[in-house]
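# Structural description and commentary
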Amino acid sequence: MSKLNCSVGDLAITVNCKIPENLGNIVRIVSSGGFQEWQGYSELLYTWNVEVATEGGALFYECDAGIESFTSGPAPDIYLRRLTPPQGYLLEEFSESEQLQMELYEQDYLEGVE
């Protein structure tokens with residue numbers, strides 16, 4: 001078995017989707033969905049239960065009634081690419097850059113108030 005693209009808690013972007021409206025969605029990996037049948041594939045695919053992480057975003061699924069949208073649902077690992085750094089990947093570097101961005105924002109905001 002090959003290595004999975006994501007893990008629980010990651011932010012990920014949707015890629016290689018069969019439904020074009022699903023491309024580029026930002027989702028949070030909530031839990032494992034295990035191996036499931038997926039339309040268009042003869043083998044079982046490993047899936048994650050995901051929720052859309054952007055306001056107004058949606059995931060589209062083919063249902064008996066056509067295509068329906070949801071804010072959460074299953075997504076195959078092969079359709080996802082991690083956006084958050086892997087565990088243990090110098091996370092302190094990212095926290096320092098977030099603080100710097102906040103300080104720059106505060107300074108810009110205060111200069112605009114005067």
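Per chain, the residues get numbers from 1 upward, laid out in the order the sequence is written. Local features in this predicted model are restricted to residues whose pLDDT is 70 or higher, and side-chain atom pairs enter the listing and the counts only when it is 80 or higher, whereas totals over whole chains, interfaces and linings include all residues. As a rule here, side-chain values cover all heavy atoms of the structure and leave hydrogens and water aside.

### Comments concerning the layout of surface pockets
Here the largest pocket defines a volume of roughly 340 Å³. Here a cavity is any set of points on a 1 Å grid over the protein atoms alone where a 1.4 Å probe fits but cannot get out, and a pocket is any open set with protein on both sides within 12 Å along at least 5 of 7 lines; a residue lines the site when it has an atom within 4 Å of a point. Residue lining of the largest pocket: 17 residues in total, with Ile19, Trp38, Phe60, Tyr61 and Glu62 positioned closest to the centre. When residues in the lining of the largest pocket are grouped by element, the largest group, four residues, is from strand 4 (residues 59–63). Asp, Glu, Lys and Arg are counted as charged, while Ala, Val, Leu, Ile, Met, Phe, Trp, Tyr, Cys and Pro are counted as nonpolar; the rest, among them Gly, fall into the polar class. The residue inventory of the lining of the largest pocket, partitioned by class, reads 10 nonpolar, four polar and three charged. Grid points are joined across faces, edges and corners, and a volume is the space filled by probe spheres set on the points. Labels follow the DSSP assignment, with helices taken as runs of H or I lasting at least four residues and strands as runs of E lasting at least two, numbered in each case from the N terminus.

### Quick look at the packing of aromatic side chains
The aromatic pairing rule takes the rings of Phe, Tyr and Trp, using the six-membered ring of Trp, and pairs them if the centres are within 6.5 Å, calling planes under 30 degrees apart stacked, those over 60 edge-to-face and the rest tilted. One pass over the structure, following the stated rule, counts five aromatic pairs. Between phenylalanine 35 and tyrosine 46 the ring centres are 5.3 Å apart and the planes differ by 80°, which places this aromatic pair in the edge-to-face class. One end of the pair, phenylalanine 35, is in strand 2 (residues 26–36); the other, tyrosine 46, is in strand 3 (residues 45–52), and 11 residues separate them in sequence. Grouping aromatic residues by their ring pairs yields a cluster made of Phe35, Tyr46 and Trp48.

### A short note on the pattern of salt bridges
Just to be clear on terms, a salt bridge is a Lys or Arg side-chain nitrogen sitting within 4 Å of an Asp or Glu carboxyl oxygen. In total, this model carries one salt bridge according to the counting rule given. Between arginine 82 and aspartate 10 there is a salt bridge whose closest N-O contact spans 3.0 Å. One end of the pair, arginine 82, is in strand 7 (residues 80–82); the other, aspartate 10, is in the segment before strand 1 (11–14), and 72 residues separate them in sequence. Categorising residues by exposure relies on relative accessible area from a 1.4 Å probe, with only protein chains included: less than 20% of the type maximum marks a residue as buried, more than 50% marks it as exposed, and the intermediate range marks it as partly exposed. Owing to a relative accessible area of 5%, aspartate 10 belongs among the buried residues under this scheme.

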